[in-house]
Amino acid sequence: MGQVGTTEVVDGIGILTIDNPPVNALSAATRQALADGFGELFANDEVKAIVLICAGRTFIAGADISEFGKESKGPDLNAVFKTIEEGTKPVIAAIHGTALGGGYETALVCHYRVAVPSAKVGLPEVNLGLLPGAGGTQRLPRIVGIEAALDIITGGKPIGAKKALEFGMIDALAEEGKLREGAIDFAKKLVAEGGPLVRVRDRQDKVEPYRGKSEVYAEYLKKNARAFRGFKAPFNIVKAIEASAELPFDQGMERERELFLELLTSTESAAQRYYFFAEREGAKVPDLPKGTPEREIRKVGVIGAGTMGGGITMNFLNVGIPVTLVEMNQAALDRGVGVIRKNYENTAAKGRMTAEQVEQRMALITPALGLEALSDVDLVIEAVFEEMGIKKDVFGKLDGIAKKGAILASNTSFLDLDEIASATSRPQDVVGLHFFSPANVMRLLEIVRGAKTADEVLATALKVAKTIAKVPVVSRVGPGFIANRVMAPRSYAANALVLEGPTPSDIDAAIFNYGFAMGPFAMTDLVGLDVIGRGSNERTLSGDLVKLGRLGQKSGGGFYDYDEKRKASPSPVAAQVIADFAKAKGVTATGALSEQDIVARLLYPVVNEGAKVLEEGVAIRASDIDVACILGYNWPLYTGGPMFWGDTVGLSKVVEGLKAAGIEPCKLLVEKAASGGSFTRG
Ligand code: T1G
């Protein structure tokens, strides 16, 4: 078994311990250790029952995702499962940490499951565009029933041990920190009772009542149509769970395998598996020396109690870090604190927080008027108006107030961080922390590394991201950093294309069907044409509509007309404004385009901008750009993001499409296309 698996016998109880850091994933070595360990303990007559337990941070956390798509080595998991299920001794899974995917499926093959209260179990394969491929879709319904299994498996979320006990997903709780002892005691009781060995696969009472009820699944898919749109896995999961009620176990397993393989070979799953690692790569900065010290952040200051400042503040309150919240006048300060309280009270009203927790978090806020209150904080985050002069003034004053070693961060979404840092005597302590609105919800955090930002400050910013459960991508200074910059060409392309014949509805439908929640014109109407076009002096299409009082949804019309329920319909007025603007610009209509061509026109320029951001060294890697667009702009996850999608389309095709639209592809994109290279395929 090598170092991965060890066996021992204690009072007639065989103990198989798996130790394969970081998460005891079911790699070939782990599968081999399971096969060898169970083989040995089943053959040992002294052993009356077996406990499967893991060392390190967690029970088996699933198949080894890094092995997917590669030639499979080592024993097949189902062969290991057969050894357990055909064995004559009770097997108990002892669970701590997160028993997920194949890990929890291994626990389901065991006869019993014992967990500590802090443990979580679940089947998150849907997040990888897969389904539980080691019997989870056939065994879980036999424990929790069809309806619960549908939610648990298509939801993919881990379930805490206490809730899992209620569901029957585990059979007993062991005392925290005493899992091994608890599991051994549980095994000894089983041996003493000598009861029958009940295998999960033999339980029929929870699935039989659903035989022939195909309407249950149709209704479930209808209810979740919006959430499942564009993904493949949820549909195959529902089919597999239906098979658990319709077919005998072994045939159900065959059906599960068939549905699993369909997903495993899909682009959607490849994209989602890629994304799983991409999210984790963002925190890795190649030229940041290992072991760079991090500064301790015990107290935070936030300047600006508006939408962004309030949301930023909540991130720290949520993890128990006190915040001094600064505004320039009492009314704004009171309003800001009030909004934070309202947000927490709304969460409490939904039962996701207690009233006591609301008060605990609110008590962590120290409202203050004036920057002097920030003299004792370890990190200041400025979230004032997006204007360079104002920001430099704030940083200049902060320089004289903040304590030595305090980190001075700007939430700027666009401006030159180096110029902001130049207003201080400590540019090495200045960094960008660009949150996305609503800042207490959106998981993306762009960490902007200035020319003079110290390694320590960058390391601390990465640690802060992890502490407040944000997904970091590191950006160098550049207009719009990564997400905003890379996504901007989609809007430009939409405004150019709408002059050539395709209507706002045509364009929005194509982008909606590609997978975005809404198209660019519907989004503009939602945000407000007066907001989108703010600050631009040249004549724009939105500007012409604003001149007619067409501000979007809020004024009953923008690119679309809206009824009193804000239901959109094509607008003859907007169509005329578009035609007049096209004429003024000398643009001749080229007529309708296919949805695929519309998608190419709008999204190839995004791929091109991503290549430029890489070429300029603003982003470290292509996958950071994908993470930024997926988390920052809801780019459809099952496409992998613009760079992964560009590789799927084929970079030569992207280059051709850009040229046909009169857009110059950047050098890096042309080189990769010419050499048959890719941004994300290794
Ligand atoms: N395979 C390979 N590596 C994994 C891994 C996995 N399943 N899970 C985590 N890692 C790596 C991760 O890349 C990182 O590496 C390190 O472990 C710590 O992870 C047959 C087909 C377990 C809750 O989907 O949800 O089973 O960056 O930073 O925040 O039906 O990792 O340090 O080099 O996330 O404490 C199903 C995926 C697989 C679980 C821990 N299982 N993992 O979170 O640490 S498919 C999953 C997680 C399957 C079966 C099917 C989380 C975690 P590095 P981390 P964490």
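Here we summarise the structure given alongside this text. (Residues numbered from 1 in each chain as written. Predicted model: local features only at pLDDT ≥ 70, side-chain atom pairs only at ≥ 80, totals over all residues. Heavy atoms only, no water.)

**Re the overall build of the chain**
Now for step 1: Of the regular secondary structure elements, the chain holds 29 helices and 19 strands.
Now for step 2: On C-alpha atoms alone, the chain measures out to a radius of gyration of 28 Å, which is about the 26 Å that the 2.2 N^0.38 rule sets for 682 residues.
Now for step 3: Principal axes of the C-alpha set define a box for the chain whose edges measure 85 × 60 × 55 Å.
Now for step 4: Going through the 682 residues of the chain one by one, you find that 53% of them count as buried.
Now for step 5: Carbon together with sulfur atoms contributes 55% to the accessible area of the chain, which is approximately 29,100 Å² in total.
Now for step 6: Distance from the positive charge centre (78 side chains) to the negative charge centre (84 side chains) of the chain: 2 Å. (Helix = DSSP H or I, 4+ residues; strand = E, 2+ residues; numbered from the N terminus. Rg over C-alpha atoms; globule rule 2.2 N^0.38 Å. Buried < 20%, exposed > 50% of the residue type's maximum accessible area, 1.4 Å probe, protein only. Areas by Shrake-Rupley, 256 points an atom, 1.4 Å probe, with all protein chains shown as cover. Lys, Arg positive; Asp, Glu negative; His and termini not counted. Charge placed at Lys NZ, Arg CZ, Asp CG, Glu CD.)

**Topic: the sheet that holds strand 14 (residues 407-410)**
Within a sheet, adjacent strands bond to each other through the backbone by hydrogen bonds, running parallel or antiparallel.
Now for step 1: Pairing in this open sheet of eight strands is mixed, and the strands run 12-11-10-13-14-15-16-17 from one edge to the other. Two strands lie at the open edges of the sheet, namely strand 12 (365-369) and strand 17 (471-476), each paired on one side alone. The mean inter-strand angle of the sheet, taken between neighbouring strand axes irrespective of direction, is 25°. (Pairing = 2+ DSSP bridges. Axes fitted to C-alpha atoms, helices over the stretch in contact; angles between N-to-C directions.)

**Topic: helix 1 (residues 28-43)**
Now for step 1: Taking 1.5 Å of rise per residue, 16 residues should cover 22 Å, and helix 1 covers 22 Å from first to last C-alpha, within 8% of that figure.
Now for step 2: Every buried residue belonging to helix 1 is among A28, T30, R31, A33, L34, G37, F38, L41 and F42, and all of these are buried.
Now for step 3: Of the surrounding elements, those touching the buried residues of helix 1 are strand 1 (5-10), strand 2 (13-18), strand 3 (49-54), helix 2 (77-85) and strand 4 (91-95). (Expected span 1.5 Å × (residues − 1). Contact = heavy atoms within 4.5 Å.)

**Observations concerning the side chain of E382**
Now for step 1: Take E382: it is sitting in strand 13 (residues 379-382).
Now for step 2: Sequence-distant contacts of E382, that is, excluding residues within four places in its chain, are made with I303, K391, V394, F395, A409, S410 and N411.

**Thoughts on the sheet that holds strand 8 (residues 159-160)**
Now for step 1: Ordered by their spatial adjacency, three strands build an open sheet running 5-7-8, and the pairing between neighbours is mixed. Every interior strand has two partners, whereas the edge strands, strand 5 (98-100) and strand 8, have only one.
Now for step 2: The sheet contacts of helix 3 (residues 102-109) involve strand 5 and strand 7 (120-122), and relative to strand 5 the element is tilted by about 85°.

**Examining the environment of R298**
Now for step 1: Looking at the element boundaries, R298 is found in the loop between helix 12 (267-281) and strand 10 (300-303).
Now for step 2: Here the alpha-carbon distance between R298 and G12, two residues 286 residues apart in the chain, equals 51 Å.
Now for step 3: Here R298 is in contact with I321, P322, D378 and K403, once residues within four sequence places are set aside.
Now for step 4: Within the structure, the side chain of R298 is placed 3.1 Å from the side chain of E296, a separation counted as a polar contact. (Polar contact = N/O pair within 3.5 Å; in protein donor to acceptor, adjacent residues only side chain to side chain.)

**What about the site of the ligand?**
Now for step 1: By nearness alone, 25 residues border the ligand, and R57, A63, E105, G133 and R280 come closest of all.
Now for step 2: The contact in question runs from an oxygen atom of the ligand to an N or O atom on the side chain of R57, over 2.6 Å.
Now for step 3: Contact between the ligand and G102: an oxygen atom at 2.8 Å from a main-chain N or O atom of the residue.
Now for step 4: For the ligand, whose free accessible area comes to 990 Å², the fraction covered by protein is 74%.
Now for step 5: Those elements that place two or more of their residues in the shell around the ligand are strand 5, helix 3 and helix 12.
Now for step 6: Considering only residue class, the shell around the ligand consists of 14 nonpolar, five polar and six charged. (Near = heavy atom within 4 Å. Nonpolar A, V, L, I, M, F, W, Y, C, P; charged D, E, K, R; others polar.)

From the geometry alone we can't say anything about function, so treat these as descriptive.
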